[in-house]
Amino acid sequence: MPKVTLPNGSILEVENGETAKQAAEKIGPALAKAALAAKINGELKDLSTPINNDVKIEIITPKSSEADEIMRHSCAHIMAEAICKIFPAAKLVYGPTIENGFYYDIDLDEPIRPDDFQRIENEMLKIVKADTPFVRTEMIKDEALKKLADDKYKLDNVKNADSNTLSFYSHSENFEDLCRGPHVPSTGKIGSFKIMSVAGAYWHGDATQKMLQRVYGTCWQTKKELDAYLERLEEAKKRDHRLLGKQLDLFSFNQAGPGFAFIHAKGMVIWNEIIDFWRSIHDKYGYQEIRTPIILNEELWHKSGHWDNYKENMYFTNVDGNNYAIKPMNCPGGCLVYKARQHSYREFPMKVAELGLVHRHEASGVMHGLFRVRQFTQDDAHIFCTPQQIEAEIIGVIELTFEIYRAFGFEDFHIELSTKPEKHIGSDEMWDTATNALKNALKQKNIDYNINEGDGAFYGPKIDFHIKDCLGRSWQLGTIQLDFSMPLRFGLVYTDKDNIEKTPVMIHRAVLGSFERFIGILIEHYAGNMPLWLAPQQVRILTISEKTNDYAKAVYQKLKDANLRCSVDLSNEKINAKIAKTHGEKVPYMLIVGPKEAESNTVNVRMAGCQKTKTIAIDEFLRSTENKIADKETDLQI
RNA sequence: GCCAACGUAGCUCAAUGGUAGAGCUCUGGUUUUGUAAACCAGGGGUUGACGGUUCGAAUCCGUCCGUUGGCUCCA
C-alpha cells in the first residue's frame, strides 16, 4: 500500500491506484470538498491523479497560493468553449494564465467585440452551472500529432512540447483542448470571473505572422475578491499621469504633434527642480556638463552606425541642399566634443553629462502619455575611461543611480542585463569582455538581475533599471551601456602613461532615462501629491473675507521673499469653496487668514491630506518649510 | 506599423436620422463669508477632418488624423 506523506509530516495509507481526491477524503470531508488540485512530490496535479507509489501530497484548496492560477487556467478553457459555441469558426491557439487573470489567443476572421463579452460570460455561467468534471486524457506525442493533424495551431503546440506524453482536457461533450493541466475537478469550482478586453496579438509574438484575437479575462475565488480587484483597477486609473497631468495643468498633447509633449508652467517647475537636484548630484560625483546640437549632418550618423542600425527610428531634414538628421541619441555629438582637443590618461575617468533632447520616430501605436513619446530629454552622460577602470566606473554609476532614485522615494525597481542583439557592431570578443564587466559590477554590488538575451543596444551590452506604473506596466528608467565600438569608429584616442595613443572605453548611461517619462512616473508614484520640494505650488493663502486682504498680501510677500512658490486667493468665494479648489489642485499647504490671524500675526495652516489645522507664527511656518524642502521631506506635518 | 474601441464647449458627460444640452471652469453682478464648492446672469460648438447616403446626419457609410487597450518595437 502506498504511503502518503502529508505536509504536517503524518503518514496516510491509501489503496494502490486510489486518487488524490480519495486521499483528501481520508484526511477529512471538508478538505475533500474544498480541494481543487494536489501537489504530488512538489508537482501540481489533478485531484483525479492515481497514487501508485509512496509520495508526498499537499491538497490545494482555494486558500493555497497556487489555487488562483489553476482556477484561472480552467476558466480560460471555459471561456474558450463559450467563444467556440458563439463563434463556431473560432480556432483556439494558446491560453495561458497571467498576473491577475488569463487570456486566450483565438484565430477568427470575424472580430470579437466588447459588446460580445456579456454573451460570452453568459455562456460561461451555463458551463459553470452544469458543474461537469474536467477529464484528462493522455497520449504519446505521435498519437497527438495524428489526432491534431488538421489543427495548425495545436499541432504547433504539440511540436513545441518538451514531454513525450501529452494530455487533453475535456469538460463537456463538445469541447476538448490540448493542455498540460492541472485543472480544477469540475467547472463548478470556478469563482467569479469577468472578460476584460480583447486585443490583437501576433501568432508567436512575431509581427510577420497572422494577427490573432486575444481575449483577456480575470477570475477570483469569490465575487468579493473580483470586486476588490476591479476596485483596485479603478483606483489605479485615478493615479494615471495622463489624467492628473490634465487635471493639474502640468502638460498636454495636441494633434499638431503626436508624441511631442507640451510642458506647461506647473510641469516646468517640477522639471526644473529635478534638474537642480540632478546637477548637484552629478557635480558631487565629478561630472562635467555639455550641450550638443539637435540637428547634425547625416554623414555623422553613417559613421556612428546609427544609419545602418537605427534609421527607421530617425527623423531627417535637409539644410542648404545637404542631408541632416535630428539626433536620436547624444553619443555622436559627445564624441565630437571629445575630439575637439587632445586627452591624457590623467583626465580619466572623464565623466561628461548632457541633458540632451532626442527625437525618435516611434510607431504610432506605442505612444503612451509621457511614458512613450517621440521627443524626450535624456539625462545622458558618457564616461571615457581605460579598460581597467570599467568596473569601478559602473559601480560608481550604480551608486549614483540608487542615490537619485532614493531621493524620490523609489525602492521598488528591478534590473535587467541585456546581451548581444542580432543587429550589432563590434567583435564577439568585445561583447564578451563588456558583458562580463557588467556582470562583475552587479555581482560586486550584490544586485539581483534578470538576463535579456539579445536585447542589448547595437553598440554594446547594457544594464537597465525598470520601474512599474500604477497599472503594473513596467517601464525602463536608467540604463548603463558599455561601448567599445563608437570610440573606434570616431577615432577617439587618449595618450597613455607610455606616451602611446590608445582608444578609450565609452560608457553610456542615463539615470532618469527620459525626463518626460520620469515626471510621468513621479506623478503616478505620488498620485499627483508632489512632495513639497517638487510641488509646482507649495503654499496658497486663503482669505476668509475681503477684510483681511491686506494682511494676506503681506503674508504672501513674506513667503515669496523666502522663495516659496505661493499664491493668494482673494476671490469673492466662501472659505469652503477656496479650500475645495485648492485641495483639487493638490497644493501641499493652505494658509487660512482671517481677522484672528491678522491680529496675532499668525497663519492657520491646513496640510494636504489632513483635516486638522494648526495656527502658528509666520516665521515658524517659514522655518519648517525651509527644512522640509532642504531635506526633500514628504511628511507635511508641522 | 498591426487588431479592436472611441473622438460632442476649456474639463466631465447627455442627446439612436428631425431646432446640439447639463454640471464644473470662465466673465459680470449680489453676498463679506471661519475650514472640502453661496446665489443670479452671461459667454462659450462648422459635433476631430474630408467625402458620401438622405428632404434632413453628432447619429448611417467610406477615407484620413488623433486617443485608448493590447501585439510587435523601445528610454
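Our structure's up above, just so we're on the same page.
Given the structure is predicted, the values throughout are model-derived calculations rather than measurements.

Student: How would you summarise helix H20 (residues 618–630) if you had to cite specific residues and measurements?
Tutor: Here H20 spans 18 Å end to end across 13 residues, near enough to the 18 Å set by a 1.5 Å rise per residue. Listed as buried for H20 are Phe621, Thr625 and Lys628. All buried residues of H20 lie within an arc of 60° about the axis, which places them on one face of the element. In H20, the exposed residues that point more than 90 degrees away from the buried face are Asp619, Asn627 and Ala630. Against the buried residues of H20 lie strand S32 (602–607) and strand S33 (613–617). Lys632 sits one or two positions beyond H20 and adopts a positive phi of about 55°.

Student: Break down the sheet that holds strand S22 (residues 414–418) for me, citing the residues and quoting the values.
Tutor: Either a parallel or an antiparallel arrangement is found when strands of a sheet pair, and the pairing is made through backbone hydrogen bonds. Spatially, the 8 strands line up as an open sheet ordered S16-S20-S21-S28-S25-S24-S22-S23, and their pairing is mixed. Of all the strands in the sheet, just strand S16 (288–290) and strand S23 (450–452) have a single pairing partner and so form its edges. For this sheet, the mean inter-axis angle between neighbouring strands, taken without regard to orientation, is 25°. This element, helix H12 (residues 331–339), spans S16, strand S20 (350–359), strand S21 (375–385) and strand S28 (505–514) of the sheet and lies at about 40° to S21.

Student: Would you mind going over the protein's contact with RNA strand B in detail, with residue names and values included?
Tutor: In the region of RNA strand B, 65 residues are neighbours, and Gly200, Ser364, Gly365, Gln476 and Gly594 sit closest. Top contributing element to the surface near RNA strand B by residue count: helix H18 (residues 575–584), with 8 residues. A breakdown of the residues in the surface near RNA strand B according to their chemical character gives 25 nonpolar, 22 polar and 18 charged.

Student: Describe the packing of helix H3 (residues 67–86) against helix H4 (residues 117–130), and please don't skip the residues or the numbers.
Tutor: Geometrically, a packed helix pair is captured by the angle between its two axes and the distance between the axes. Two numbers describe how H3 lies on H4: the axes approach to 8 Å, and their chain directions differ by 120°. With respect to H4, the element H3 is oriented oblique. When you trace H3 past H4, the crossing you get is right-handed. Side by side, H3 and H4 meet where Ile78, Met79, Glu81, Ala82, Ile83, Lys85 and Ile86 of the first sit next to Arg119, Ile120, Glu123, Met124, Ile127 and Val128 of the second.

Student: Which residues make up the pairing of S21, and what values do they have?
Tutor: Counting buried positions over the 11 residues of S21 gives 10, a clear majority of the element. Pairing analysis gives 10 bridges linking S20 to S21, with the strands arranged antiparallel. When the sheet's bridge partners are listed, Leu357 is paired in S21 with Thr377. In this sheet, S28 lies alongside S21 in antiparallel orientation, the contact comprising 7 bridges. In the sheet register, Gln378 faces S28, and the bridge partner there is Ser514.

Student: Residue-level account of the nonpolar core, with values.
Tutor: Grouped together as the largest cluster of nonpolar side chains are 84 residues, with contacts concentrated most on Ile394, Ile507, Ile519, Ile541, Val555, Leu591 and Val593. When residues are assigned to domains, this core turns out to be shared by domain 3 (251–292 + 327–525) and domain 4 (539–630), each giving three or more. If we skip the residues at most four places from it in the chain, Ile394 touches Ala437, Leu438, Ala441, Ile480 and Ile507. Leu47, Met79, Cys179 and Ile190 belong to the second-largest nonpolar core, a separate cluster that totals 52 residues.

Student: Before we move on, can you summarise the environment of Glu15 with the specific residues and values?
Tutor: Its location among the elements puts Glu15 in the loop between strand S2 (11–13) and helix H1 (20–27). Considered as a pair, Glu15 and Val397 are 382 residues apart in the sequence and their alpha carbons are 63 Å apart.

Student: How would you summarise the pairing of strand S3 (residues 37–40) if you had to cite specific residues and measurements?
Tutor: Two elements, S3 and strand S5 (residues 55–60), share 4 bridges in a ladder whose sense is antiparallel. In the sheet register, Ile40 faces S5, and the bridge partner there is Ile57. Where S3 lies against strand S4 (residues 43–45), 3 bridges are found, and the strand directions are antiparallel. From the neighbouring strand, Ala38 faces S4, where its bridge partner is Lys45.

Student: Describe unusual backbone geometry, naming the residues involved and giving the relevant values.
Tutor: Backbone torsion omega between Gly181 and Pro182 reads -5°, so that peptide bond is classified as cis. By the secondary structure assignment, Pro182 is in the loop between strand S11 (175–178) and strand S12 (192–202). The step from Phe348 to Pro349 runs through a cis peptide bond, and the omega angle for that step is -5°. A positive phi angle is found at Asp131, which is not glycine, with a value near 50°. Within the fold, Asp131 resides in the loop between H4 and strand S9 (135–140). At Asn563, a residue that is not glycine, the phi angle is positive and equals roughly 65°. Mapped onto the secondary structure, Asn563 falls in the loop between helix H17 (549–561) and strand S30 (566–569).

Student: Could you give an account of helix H16 (residues 515–525), naming the residues involved and the relevant values?
Tutor: For H16, the tally of buried residues reaches 11 of 11 residues, placing the bulk of the element in the interior. Buried residues along H16 sit against helix H8 (241–247), helix H9 (265–284), S21, strand S24 (462–468), strand S25 (474–483) and S28. Directly beyond the C-terminal end of H16, a positive phi value near 50° is found at Ala527.

Student: Tell me about the sheet that holds S11, and name the residues and values.
Tutor: Strand order in this open sheet of 3 strands is S9-S10-S11, and the pairing throughout is antiparallel. The outermost strands of the open sheet, each flanked by one partner alone, are S9 and S11. Averaged over all pairs of adjacent strands, the angle between strand axes in this sheet comes to 25°, irrespective of strand direction. Of the pairings in the sheet, the one linking S9 to strand S10 (residues 165–172) comprises 6 bridges and is antiparallel in character.

Student: I'd like to hear about the environment of Asn446, residue by residue, with values.
Tutor: Of note, Asn446 is situated in the loop between helix H14 (428–444) and S23. A residue is classified by how many C-beta atoms lie within 10 Å of it, and Asn446, with 6 of them, is exposed. Distance in space between the C-alpha atoms of Asn446 and Leu244 is 37 Å, their sequence separation being 202 residues.

Scoring rules and cut-offs
- Residues numbered from 1 in each chain as written.
- Chains lettered and ligands numbered in written order.
- Predicted model: local features only at pLDDT ≥ 70, side-chain atom pairs only at ≥ 80, totals over all residues.
- Helix = DSSP H or I, 4+ residues; strand = E, 2+ residues; numbered from the N terminus.
- Expected span 1.5 Å × (residues − 1).
- Buried ≥ 20, exposed ≤ 12 C-beta atoms within 10 Å, placed from the backbone.
- Arc of directions from axis to C-beta.
- Contact = placed C-beta atoms within 7 Å.
- Pairing = 2+ DSSP bridges.
- Axes fitted to C-alpha atoms, helices over the stretch in contact; angles between N-to-C directions.
- Near = placed C-beta within 6 Å.
- Nonpolar A, V, L, I, M, F, W, Y, C, P; charged D, E, K, R; others polar.
- Parallel < 35°, antiparallel > 145°, perpendicular 65-115°, else oblique.
- Left-handed = near helix turned anticlockwise from the far one by under 90°.
- Core = buried A, V, L, I, M, F, W, Y, C linked by C-beta atoms within 7 Å.
- Domains from an automatic or database assignment.

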